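# Observations on the three-dimensional arrangement
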Amino acid sequence: MTTTIPAPPVTRTAKKPARLTHRRKNPARRSTPLTIAMLAALAYFLLPLCWLLIASTKSTQDLFNSFGLWFSDAPQLLTNIKETFTQDDGVFVRWLLNTVIYAGVSAVGAALLAAAAGYGFAKFRFRGDGAAFNLVLGAVMVPTTALAIPTYLLFAQAGLANTPWAIILPSLVNPFGLYLMRVYAADSVPDSILEAARIDGAGEARIFFRIALRLMAPGVVTVLLFTLVATWNNYFLPLIMLNDPDLYPITVGLASWAAQAQNGGAGASSDMLALVVTGSLLSIVPLVVAFLMLQRYWQSGLATGGVKQ
């Protein structure tokens, strides 16, 4: 009698899908409406600058007789720059220096005050802190032009009208900068670092200047640049606060030159309008330099925020 040995059961193993060693990169998708919108935005921002650069190479006659977005037959940029700096005994240099002082002091002071106040709102709790912060948010909605006349009356009674302080002191108050620094300090300054510094015996002032201020550097630079641009381009406040031409910033000074060019007043020349255009070009150069020098702090802040710890 023969016995048959049963064959072992066949086990079926699930076939694993082969792993893709190479992933195909999807080609970049292009959106025609989005491209058109970006080109329109680019033209909106760059065309005025191109016109200003080209117009600075023209005389007053060429400004009206030639195409606005192309150079004239006889460009005279260097001549316009020289005449701008020498017009009215070089008063443009004084206006430029005044603007640098007003904007520089105001930007640094406003950034430090906003950083200190925002840090205080973010890391300390005191009675009425919510109501005080809501008051700051309400101040953001108040336009600065609405406060110009009351500010002038206040400074006139204090004897500070027609002085540099009439421009610097109002520019130090920046409710939006305080709000921005409060939000930034809440996220960028860990409470554990502050507690460790307090345990080591560091005072609150030392903690703020040695630790918190460095961690909030990108936010401080943001407020500094916003205040710098706002004070540099401020026209209405200096117009009502100052009556001495030697204290004018660039905005008010160039406006006075433009008024002389239109009315043919004392000191007006045939190329006064060309000098106003050239002065406008020269006035934006320091702002461009400031942005190029300080943009690395923004980039470092974005890179720090994108790294998970």
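No experiment lies behind these values; they were computed from the predicted model shown.

## Some details on the overall build of the protein chain
- Within the protein chain one finds 14 helices and 0 strands.
- For the protein chain, the succession of helices and strands along the chain, N to C, is α-α-α-α-α-α-α-α-α-α-α-α-α-α.
- When the accessible surface of the protein chain is totalled, it reaches about 20,600 Å², and 65% of it is carbon and sulfur.

## Considering the pattern of salt bridges
- Taken as a whole and judged by the stated rule, the model has 4 salt bridges.
- As a salt-bridge pair, Asp 191 and Lys 123 come within 3.0 Å of each other at their nearest N and O atoms. Pair noted here: Asp 191 is in helix α9 (residues 191-199) and Lys 123 is in helix α4 (residues 91-123), with a separation of 68 residues, a long-range link.
- The exposure class of Asp 191 is partly exposed, given its relative accessible area of 49%.
- Residue Lys 123 is classed as buried on the basis of its relative accessible area of 16%.

## So, the side chain of Asn 174
- Within the secondary structure layout, Asn 174 lies in the loop between α7 (165-171) and α8 (175-188).
- Residue Asn 174 is classed as buried on the basis of its relative accessible area, which comes to 19%.
- From its side chain, Asn 174 meets the backbone nitrogen of Gly 177 in a polar contact 3.0 Å long.
- There is a polar contact of 3.0 Å between the side chain of Asn 174 and the side chain of Thr 227.

## Quick look at the packing of aromatic side chains
- Counted by the stated rule, this structure contains 12 aromatic pairs.
- Three or more aromatic residues joined by ring pairs form one cluster here, namely Phe 85, Phe 92, Trp 95 and Trp 257.

## Concerning the packing of α8 against helix α11 (residues 217-232)
- As a packed pair, α8 and α11 sit with axes 10 Å apart at the nearest point and diverge in direction by 170°. One finds that α8 runs roughly antiparallel with respect to α11. In this structure, α8 contributes Phe 176, Gly 177, Leu 180, Met 181 and Tyr 184 to the contact, and α11 contributes Pro 218, Gly 219, Val 220, Thr 222, Val 223 and Phe 226.
- Residue composition of the contact of α8 with α11, grouped by class: 8 nonpolar, 3 polar and no charged.

## What to know about the confidence of the model for the protein chain
- When pLDDT is averaged across the protein chain, the result is 85; 85% of the residues are at 70 or more.
- Per-element averaging of pLDDT across the protein chain places helix α14 (residues 272-305) at the bottom with 79 and α4 at the top with 95.
- This model gives residues 302-309 a pLDDT under 50, and the stretch forms 0 contacts once residues within four places in sequence are excluded.

## Some points on a nonpolar patch on the surface
- Where nonpolar side chains cluster on the molecular surface, the patch consists of Leu 137, Val 140, Met 141, Phe 176, Tyr 179, Val 183 and Phe 226 and spans about 620 Å² of accessible area.
- For the nonpolar patch, the secondary-structure elements that each account for two or more residues are α5 (129-140) and α8.
- The topology assignment puts Phe 226 in helix α11.

## Considering the nonpolar core
- Judged by nonpolar contacts, the single largest core of 47 residues is most densely connected at Tyr 119, Met 216 and Trp 257.
- With sequence-adjacent residues up to four places away left out, Trp 257 is seen in contact with Thr 84, Gln 87, Asp 88, Val 91, Phe 92, Trp 95, Met 272, Leu 275 and Val 276.
- Counting 5 residues, the second-largest nonpolar core is a separate cluster that includes Ala 55, Leu 63, Val 277 and Leu 281.

## Focus on the environment of Leu 97
- Assignment of secondary structure puts Leu 97 in helix α4.
- The class for Leu 97 is exposed, based on a relative accessible area of 51%.
- Linking Leu 97 and Tyr 248, residues 151 residues apart in sequence, is a C-alpha distance of 9.8 Å.

## Some thoughts on the side chain of Lys 58
- Relative to the helices and strands, Lys 58 resides in the loop between α1 (32-55) and α2 (60-65).
- One buried charge, Lys 58, has no salt-bridge partner; the nearest side chain with opposite charge is Asp 62, at 7.6 Å.
- Among residues more than four places away in sequence, those in contact with Lys 58 are Leu 63, Ser 66, Phe 67, Gly 68, Trp 70, Phe 71, Ser 72, Gln 76, Asn 80 and Ala 274.

## Section: the packing of α9 against helix α10 (residues 204-215)
- The N-to-C vectors of α9 and α10 enclose an angle of 150°; their axes lie 11 Å apart at closest approach. Overall, the two elements α9 and α10 adopt an arrangement that is roughly antiparallel. Every pair of crossing elements has a handedness; the one defined by α9 and α10 is right-handed. Within the contact between the two elements, α9 uses Ile 193, Leu 194, Ala 197 and Arg 198 and α10 uses Glu 204, Ile 207, Ile 211 and Leu 215.
- Looking at side-chain class alone, the contact of α9 with α10 contains 6 nonpolar, no polar and 2 charged residues.

What counts and what doesn't
Residues numbered from 1 in each chain as written. Predicted model: local features only at pLDDT ≥ 70, side-chain atom pairs only at ≥ 80, totals over all residues. Heavy atoms only, no water. Helix = DSSP H or I, 4+ residues; strand = E, 2+ residues; numbered from the N terminus. Areas by Shrake-Rupley, 256 points an atom, 1.4 Å probe, with all protein chains shown as cover. Salt bridge = Lys/Arg side-chain N within 4 Å of Asp/Glu carboxyl O. Buried < 20%, exposed > 50% of the residue type's maximum accessible area, 1.4 Å probe, protein only. Polar contact = N/O pair within 3.5 Å; in protein donor to acceptor, adjacent residues only side chain to side chain. Phe/Tyr/Trp six-rings, centres within 6.5 Å; stacked < 30°, edge-to-face > 60°. Axes fitted to C-alpha atoms, helices over the stretch in contact; angles between N-to-C directions. Parallel < 35°, antiparallel > 145°, perpendicular 65-115°, else oblique. Contact = heavy atoms within 4.5 Å. Nonpolar A, V, L, I, M, F, W, Y, C, P; charged D, E, K, R; others polar. pLDDT = per-residue confidence, 0-100. Patch = residues over 30% accessible without salt bridge, like charges linked within 9 Å, V, L, I, M, F, W, Y side chains within 5 Å. Core = buried A, V, L, I, M, F, W, Y, C linked by side-chain atoms within 4.5 Å. Lys, Arg positive; Asp, Glu negative; His and termini not counted. Left-handed = near helix turned anticlockwise from the far one by under 90°.

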